[in-house]
Amino acid sequence: MENNVIYNRILIVGCGGAGKSTLAVKLGQKLALPVVHLDKLWWRPQWQSVTESEFDELLMPELKKPRWVIEGNFARTFALRLEHADLCIMLDYPTELCLKSVIERVEKYRGRTRPDMTEGCPEQADPEFVEWIRSFDNNVKPKMIDTMKSSGVPYKIFLTREQAEEWLSGLPSAENE
């Protein structure tokens, strides 16, 4: 709840390494919302992806649920996800911070799968992913912001982790309602 608004369906987007999964888990815990990690829908073990139609079949039942936090980009389905959301959060952090976070994540989970990823997908940062992070501000973010602004869905853009944490700490916990 914020200004007497209760958020039941929250999208979180942003560059790789920004902390979408971390914020989603914190929001889910604080507001008692189930968390959906889009990477878990997209990836199968050994980094094998599902088809777009399989992804859509997995995504639609999640979108129809009454309460959730969904984190991940997947530009192809962004507008569709916005149609079901009552708030969208964009983590708009500096590229170098995102790259540093990805490197730290690779070190932390070396040879293991992180909790927000499909089991059997050990943590990695291949050159294609690093390039995607480097090009996010020019190639991905402008379209996402345009889509967000034109959707009519309330949104927040956080420029620092401190801004996101301050906002999160100002939300009442689910048990306070």
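Every value quoted in this text rests on a predicted model; they were computed, and no experiment measured them. (Residues numbered from 1 in each chain as written. Predicted model: local features only at pLDDT ≥ 70, side-chain atom pairs only at ≥ 80, totals over all residues. Heavy atoms only, no water.)

## Digging into the packing of aromatic side chains
Under the definition given, this model contains eight aromatic pairs. Between tryptophan 42 and tryptophan 43, the aromatic rings sit 6.5 Å apart at their centres with planes inclined by 80°, giving edge-to-face as the arrangement. Note on tryptophan 42: relative accessible area 18%, which makes it buried. Arranged with centres 5.3 Å apart and planes meeting at 65°, the rings of tryptophan 132 and phenylalanine 136 form a pair that is edge-to-face. Within this pair, tryptophan 132 and its partner phenylalanine 136 are both found in helix 6 (residues 127-139), separated by four residues, close to a single helical turn. Residue classification places phenylalanine 136 among the buried residues on the basis of a relative accessible area of 2%. Pairwise contacts between aromatic rings join Trp42, Trp43, Trp47, Phe55 and Phe74 into one cluster. (Phe/Tyr/Trp six-rings, centres within 6.5 Å; stacked < 30°, edge-to-face > 60°. Buried < 20%, exposed > 50% of the residue type's maximum accessible area, 1.4 Å probe, protein only. Helix = DSSP H or I, 4+ residues; strand = E, 2+ residues; numbered from the N terminus.)

## Thoughts on the side chain of serine 21
For serine 21, the location among the structural elements is in helix 1 (residues 20-31). Relative accessible area serves as the criterion here: at 15%, serine 21 is assigned to the buried category. Ignoring any residue separated from it by four or fewer positions in sequence, one finds serine 21 in contact with His37, Glu71 and Asp116. (Contact = heavy atoms within 4.5 Å.)

## Concerning the packing of helix 1 against helix 8 (residues 161-170)
At a closest axis distance of 11 Å, the pairing of helix 1 and helix 8 adopts a crossing angle of 10°. By the angle class used here, helix 1 and helix 8 are roughly parallel. Contact with helix 1, carried on its side by Leu23, Lys26, Leu27 and Lys30, involves Glu165, Trp167, Leu168 and Ser169 of helix 8 and no other residues of that element. For the contact of helix 1 with helix 8, the class distribution of residues is four nonpolar, one polar and three charged. (Axes fitted to C-alpha atoms, helices over the stretch in contact; angles between N-to-C directions. Parallel < 35°, antiparallel > 145°, perpendicular 65-115°, else oblique. Nonpolar A, V, L, I, M, F, W, Y, C, P; charged D, E, K, R; others polar.)

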